[in-house]
Amino acid sequence: LQEAAMLTTYCLSKSPSTKVCITGFSWGAAMSSCAASVALLGASEAEGKRIACAPYVGSASPVVMADGLLESSIDWKALSTGKQDCSAEKALYDELNQTQLSMLTAPLNTTKSLGAVHVACTFHDYFIRRRYANDFVQQLRALAPKIEVSWLPGGHIFAMTLRPFLHKRLVEQTVKALEKAE
């Protein structure tokens, strides 16, 4: 995350014509969004306009790791203190919810924004439920005045299977938007 942000700001500072698109899939999508946020913090206004972010099926919080498919794989009673209310589950959710992409986007100066953001989400994702995808989209809005959102059919496995085509197309569309933003 830090290395990607540092490399981005270094490239932008050394070459005024360079444009950078940061992308990732699933948890990598979350990390690419964080890297873009950190790079934007270290970039000038003009440099920020040369950064694009193309997260492919991600989320803004690690809480998705304990929800969705993993939810049924965790023995919450074994982790709880013996209470019927599953205090371990609530404690884990509370802890994970404290870490959000918004922690990085909140300190951004409102005059700075990325040149382009295009995010892909899935309609029927069992790993990243729609409420987390919607939250991710809302938090990405802090990085750019206008973002593009593509909703893909299927879920995580669908997105992973078609990733060589759909993820590539997402990056291409984001780079084109970055070029138009000049």
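This write-up is about the structure you can find in this document. (Residues numbered from 1 in each chain as written. Predicted model: local features only at pLDDT ≥ 70, side-chain atom pairs only at ≥ 80, totals over all residues. Heavy atoms only, no water.)

1. Description of the sheet that holds strand E2 (residues 51–56)
Overall, parallel pairing links the four strands, which are arranged E1-E2-E3-E4 in an open sheet. Every interior strand has two partners, whereas the edge strands, strand E1 (20–25) and strand E4 (148–152), have only one. Strand after strand, the sheet turns through a mean of 10 degrees between neighbouring axes, direction not considered. Alignment of E1 against E2, held across six bridges, turns out to be parallel. (Pairing = 2+ DSSP bridges. Helix = DSSP H or I, 4+ residues; strand = E, 2+ residues; numbered from the N terminus. Axes fitted to C-alpha atoms, helices over the stretch in contact; angles between N-to-C directions.)

2. Some words on the side chain of His-118
Assignment of secondary structure puts His-118 in strand E3 (residues 116–122). When sequence neighbours within four positions are dropped, the list of residues in contact with His-118 reads Cys-53, Ala-54, Pro-55, Glu-148, Val-149, Ser-150, Leu-170, Gln-173 and Thr-174. (Contact = heavy atoms within 4.5 Å.)

3. Side note on unusual backbone geometry
Residues apart from glycine generally show negative phi values, whereas peptide bonds are mostly found in trans. Despite not being glycine, Ser-26 shows a phi value in the positive range, around 60 degrees. The phi angle at Val-57 is positive, at roughly 60 degrees, despite the residue not being glycine. Within the secondary structure, Val-57 is located in the loop between E2 and helix H4 (76–79).

4. Remarks on the packing of aromatic side chains
Given two aromatic rings, their pairing is described by the distance between the two centres and the angle made by the two planes. Scanning the model with the defined rule gives two aromatic pairs in all. Each ring, one from Phe-25 and one from Tyr-56, has its centre 5.5 Å from the other, and the planes form 45 degrees; the classification is tilted. On the criterion of sequence distance, the pair formed by Phe-25 in strand E1 and Tyr-56 in strand E2 is long-range, its members being 31 residues apart. Accessibility classification places Phe-25 together with Tyr-56 in one group, the buried group. A centroid spacing of 5.4 Å and a plane angle of 25 degrees characterise the contact between Phe-123 and Trp-151, whose relative ring orientation is stacked. (Phe/Tyr/Trp six-rings, centres within 6.5 Å; stacked < 30°, edge-to-face > 60°. Buried < 20%, exposed > 50% of the residue type's maximum accessible area, 1.4 Å probe, protein only.)

5. Thoughts on the nonpolar core
Judged by nonpolar contacts, the single largest core of 23 residues is most densely connected at Ile-51, Leu-114, Val-117, Val-119, Leu-140 and Ile-147. Looking at this core, the elements with two or more residues in it are helix H1 (2–14), E1, helix H2 (27–42), E2, E3 and helix H7 (130–140). Apart from residues lying up to four places away in sequence, Ile-51 is in contact with Thr-8, Leu-12, Val-20, Ile-22, Ala-39, Leu-40, Ala-43, Leu-114, Gly-115, Ala-116 and Leu-178. (Core = buried A, V, L, I, M, F, W, Y, C linked by side-chain atoms within 4.5 Å.)

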